[in-house]
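One-letter residues, chain by chain:
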Amino acid sequence: MGVEYVDIDGDGRKEMLVQYPAGAHGSQLRIFAWRQSEFSEIGHLGVGTPVGFDIGDFDGDGKLEIRTEETDWSAGLPYVTAPRITLLYRWNGSAFEEVSPKKLDLKDA
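Position numbers for residues count from 1 along each chain, tracking the sequence in the order it is written. Local features in this predicted model are restricted to residues of pLDDT 70 or higher, and side-chain atom pairs are both shown and tallied only at a pLDDT of 80 or more, whereas totals for entire chains, interfaces and linings draw on every residue. Values reported for side chains reflect all heavy atoms of the structure, with hydrogen atoms and water molecules removed beforehand.

Some points on the sheet that holds strand β1 (residues 2–6)
Part 1 of the argument: Taken together, four strands build an open sheet; the order of strands is β1-β2-β3-β4 and the sheet is antiparallel. Of all strands in the sheet, those bounded by a partner on one side alone are β1 and β4 (38–47). In this sheet, adjacent strand axes meet at a mean angle of 20° when their direction is disregarded.
Part 2 of the argument: Note on pairing: DSSP must find at least two bridges between two strands before they are called paired. Every helix listed is a DSSP run of H or I at least four residues long, and every strand listed is a run of E at least two residues long, numbered separately from the N terminus. Relative to strand β2 (residues 15–22), β1 runs antiparallel, the two being bridged by five bridges. Across the sheet, the residue bridging to valine 6 is glutamate 15, located in β2. To obtain an axis, a line is fitted to C-alpha atoms, over the contacting stretch when the element is a helix, and the angle between two such axes runs from 0 to 180 degrees between their N-to-C directions.

A closer look at empty space enclosed by the protein
Part 1 of the argument: Put simply, the grid is 1 Å and covers the protein atoms alone, a cavity is a trapped set of points that fit a 1.4 Å probe, a pocket is an open set with protein on both sides within 12 Å along at least five of seven lines, and lining residues have an atom within 4 Å of a point. Grid points are joined across faces, edges and corners, and a volume is the space filled by probe spheres set on the points. Under the definition given, this model contains one cavity of 30 Å³ or more.
Part 2 of the argument: Space inside the largest cavity adds up to approximately 40 Å³.
Part 3 of the argument: Residue lining of the largest cavity: Gly2, Val3, Glu4, Leu17, Gln19, Leu29, Phe53 and Ile55, and that is the complete set.
Part 4 of the argument: Of the residues forming the lining of the largest cavity, the biggest block, three residues, is contributed by β1.
Part 5 of the argument: For the lining of the largest cavity, the per-class residue count stands at five nonpolar, two polar and one charged. Each residue is assigned to one of three groups, with Ala, Val, Leu, Ile, Met, Phe, Trp, Tyr, Cys and Pro labelled nonpolar, Asp, Glu, Lys and Arg labelled charged, and all others, Gly among them, labelled polar.

Below, the structure written as structure tokens:
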């Protein structure tokens, strides 16, 4: 389990990001903002791998992304040997949306 305070939505205030294991192999991330004197959940992400989530500006545009990995089931291999796909998510003003890493010039991917 891990907790970070990061301005993930770009409003100038830090949000609380809580990540934790889920099930046998999964990871969950919940994002809470302090609004009207209480925390409210503004988003959550989940994947079926135990790698967790990294926060950073992976494409150098000055905006933060959330990076994680998911199992590539298209390979037709068992979970243990299946390759992983890197996923990036970015706040779009109202929710987190997936950003294809193929469209980005990733520095640290």
